[in-house]
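Chains, contacts and geometry: an overview
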Amino acid sequence: MSPSSVKVCDLSVIGYPLMASDMRAPSSGKKSEISHGVEKCGVSDQACHGKCQSCGTDVKPFCAGVDGVSSLTGGHTDVKASKENCGACSLNNDRADSLEEEVKGSTARIGHVESADPDGCVDVKKESFMAVDDLPQEFEGEQAGATLEDLFFFNGEEEDDSDWEPASRLVENRWFCFNCTMPIVDEITHCMNCHELKGSVVDGYDVFKKQIAQTALLSADTEFLPVSTAIGFDERMLLHSEQLEVKPNPHPERPDRLRAIAASLAAAGIFPSKCALVPPREITKEELLMVHSPDHIESVEQTKNMLYSYFTSDTYANGHSACAAKLAAGLCADLASLMVSGRVRNGFALVRPPGHHAGVKQAMGFCLHNNAAVAALAAKRAGAKKVLIVDWDVHHGNGTQEIFEGDKTVLYISLHRHEDGNFYPGTGAAHEVGVLDGQGFSVNIPWSRGGVGDNDYIFAFQTVVLPIAAEFAADITIISAGFDAARGDPLGGCDVTPAGYSWMTSLLADCSNGRLLVILEGGYNLRSISSSATEVVKVLLGDGPNRASFVGSPSREALKTVSQVLKIQQQFWPVLGPTYASLQAQQGSVSSSHITKHNELKKRKHSGGLGPFWWKLGSKRLLYEALFERCRQRKIKGSGEGKATGFSSTLDG
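Notes on the structure in this doc start here. The numbering scheme is per chain: residues are counted from 1 as the chain's sequence reads. Given that the model is predicted, a residue must reach a pLDDT of at least 70 before its local features are reported, and side-chain atom pairs must reach 80 or more before they are shown or counted; all residues, however, enter totals for whole chains, interfaces and linings. For side-chain calculations, the full set of non-hydrogen atoms in the structure is used, while hydrogens and water are omitted.

**Some details on helix α10 (residues 371-381)**
Residue exposure (1.4 Å probe, protein chains only): buried if accessible area is under 20% of the type maximum, exposed if over 50%, otherwise partly exposed. Here a strand is any run of E in DSSP of at least two residues, a helix any run of H or I of at least four, and the numbering for each starts at the N terminus. Counted residue by residue, α10 has nine buried out of 11 residues, so it is predominantly covered. Looking only at α10, the buried set comprises Asn371, Ala372, Ala373, Val374, Ala375, Ala376, Leu377, Ala378 and Ala379. In this structure, the buried residues of α10 make contact with α7 (285-288), α9 (321-341), β14 (387-391), α11 (398-404), β17 (476-481) and β18 (516-520). Here α10 starts with a cap whose side-chain oxygen sits 3.4 Å from the backbone nitrogen of Ala372, and that cap is Asn370. Gly383 sits one or two residues past α10 and shows a positive phi near 125°. Only heavy atoms enter the contact rule, under which two residues are in contact if any of them lie within 4.5 Å. N or O atoms closer than or at 3.5 Å make up a polar contact, with two conditions inside protein: a donor-capable atom paired with an acceptor-capable one, and, for residues adjacent in sequence, both atoms drawn from side chains.

Written as structure tokens, this is what we have:
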């Protein structure tokens, strides 16, 4: 289900519009008769659905800032069949009870937050690496959220929910793949999408947790020798999760994404042993105001007072989400500043929630704050004059483009599925080139179909991305690294391998004098994202790309897409002109050759000629020639001789 247009019902009795997507089965208990106002909770209009933590009553404030989100295919919560996945994440095939214990141990319960720090997380000291399992479990009084029926009927009567029992039984008779979240019926013991066994869990994260405490911390305030690669990570970002009481199926953007990548890096001996760790810091409101509107910032901040809330039908928040979003943005900002100052050569931000869909005024597409935009502006404050952002997430980064579309000091290049605007979020057409002074500084490479693989991406890099990047000469390069174009991803439907991501990273590492910041965005197949992220970090450490041979040619659709981009962008980047002319000549030559061969075959077919030797051997024509053609030629010859003889006799006579 892709994020759909918000449908609003006017409930004049209580004064709140509701998202139709928030309807759930009514419960049988008595309903509260409190008409809970926005003024009482202090929750911003953009939090579309939630439960107040201060008084425990249900809240559905006005849904602002989510208008215009089209109903598109390929949305973040669309479940699509995908190809064979690959990856290196170690998943242990324990039974479902082990999985249940892991989920219970890693997700803090949520309740009232009277004791919460107004500027930070609940009872969590700043710059600490407290394990999620050790966080205070003070949220106990959780209740189910309100339904549409609850708010329509405040009669206090018991409601019969027996008609919902069949649906409940259907839910009980299925399980969800731990690797890709696809629903599977109980009778099948492995995932039909990625072939993962039932009951798998992440194996190796505990080792990572033990090692992270011994990792050297790097900050601008401490004396430390320059290092090659720094990592941004904090376990409190794992507390951002969707409430299982709201939706029984697991959300694709879930805490296990970070656990899987961390376990893979630890298993490869990369992190934390070979990397420095940036201490966590929540981004300040002043820094966020350079990217987002005050209303947007306040709407995210007020989710601390809610048990759960939704900005769009698939963009959730709980009591820890505001803290997680500020930690993610703060880590990205500090990594960018350290690179510009020369303290770090490159870095990887292992953060969530993702950010590239978050625009100036709205949260959407699983994203709350725009981490890449925050990092870009932090780099400029640290002294960078020009910043390059390359977004290879399978979805277009509409938020990042919106923030910088009029800024000629930030070049935004995105490679994404578009399909004429029918793939989420629908933006990112080739003709979207920026506005005003920023024209030409938004470069979109919109794939016209799914299944795009390594060869297509490398071709686009060589013909479009790298020439423009070299001409722009940025001081720092930021990658919005979504791994949902990876093979096996349930939402992306593309075919990029870990070797492909490794190769693209190595190509960008040569830009900006090696100052390269990789920020995690999407990616929802745990094996795919863990193996791909591990290959990317290996390149950052100088191990070189996985030099798998990309000998194949780009697909015809990719050639068409790249040609369209070159035609549009060459007016802003003349360096693309020769490439476009060469590509057009090659396509014309191939087209002309194809037409010529087609006409020759057509002519040969109608003429009945003998044809080439290998064609004869490959068909029944050889047998026909041997048995019938020679016989027919002898008859014609004999008939001709007979006529000639008779004619001569007549003359003689």
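**A look at the pattern of salt bridges**
Think of a salt bridge as a Lys or Arg side-chain nitrogen and an Asp or Glu carboxyl oxygen that are within 4 Å of each other. By the definition in use, this model includes 18 salt bridges. Across the pair Glu253 and Arg352 runs a salt bridge whose closest N-O atoms are separated by 2.8 Å. Placement of the pair is Glu253 in the loop between β9 (227-232) and α6 (256-267) and Arg352 in the loop between β13 (344-349) and α10, with a sequence separation of 99 residues. Taking relative accessible area as the criterion, Arg352 reaches 0% and is therefore assigned buried.

**Observations regarding the packing of aromatic side chains**
Each aromatic pair joins two rings of Phe, Tyr and Trp (for Trp, the six-membered one) with centres within 6.5 Å, and gets the label stacked for planes under 30 degrees apart, edge-to-face for over 60, and tilted for any other angle. For the structure on display, the rule yields 10 aromatic pairs. On the numbers, 6.0 Å between centres and 65° between planes, the contact of Phe441 with Phe472 is edge-to-face. Highlighted residues: Phe441 in the loop between β15 (410-417) and β16 (442-447) and Phe472 in helix α12 (residues 454-472), separated in sequence by 31 residues. Their ring planes at 75° and their centres at 5.7 Å tell us that Phe441 and Trp573 sit as a pair that is edge-to-face. Note that Phe441 is positioned in the loop between β15 and β16 and Trp573 in the loop between α15 (556-569) and α16 (577-607), a separation of 132 residues in sequence.

**Here we look at the packing of α6 against helix α14 (residues 526-540)**
Between N-to-C directions, angles span 0 to 180 degrees; the directions come from axes that are lines fitted to C-alpha atoms, helices contributing only their stretch in contact. Where α6 contacts α14, the two axes come as close as 8 Å, and the packing angle between them is 45°. One finds that α6 runs oblique with respect to α14. As α6 packs across α14, the resulting crossing turns out to be right-handed. Each of Asp256, Arg257, Ala260, Ile261, Ser264 and Leu265 in α6 lies in contact with α14, whose residues at this interface are Leu526, Ile529, Ser530, Ser531, Ala533, Thr534 and Val537. Tallied by class, residues from the contact of α6 with α14 come to seven nonpolar, four polar and two charged. Orientation is classified from the angle alone, with under 35 degrees giving roughly parallel, over 145 giving roughly antiparallel, 65 to 115 giving roughly perpendicular, and any other angle giving oblique. Crossings are classed by handedness, with left-handed meaning an anticlockwise turn of the near helix from the far one by less than a right angle and right-handed meaning a clockwise turn. Put simply, Ala, Val, Leu, Ile, Met, Phe, Trp, Tyr, Cys and Pro go in the nonpolar bin, Asp, Glu, Lys and Arg in the charged bin, and everything else, Gly too, in the polar bin.

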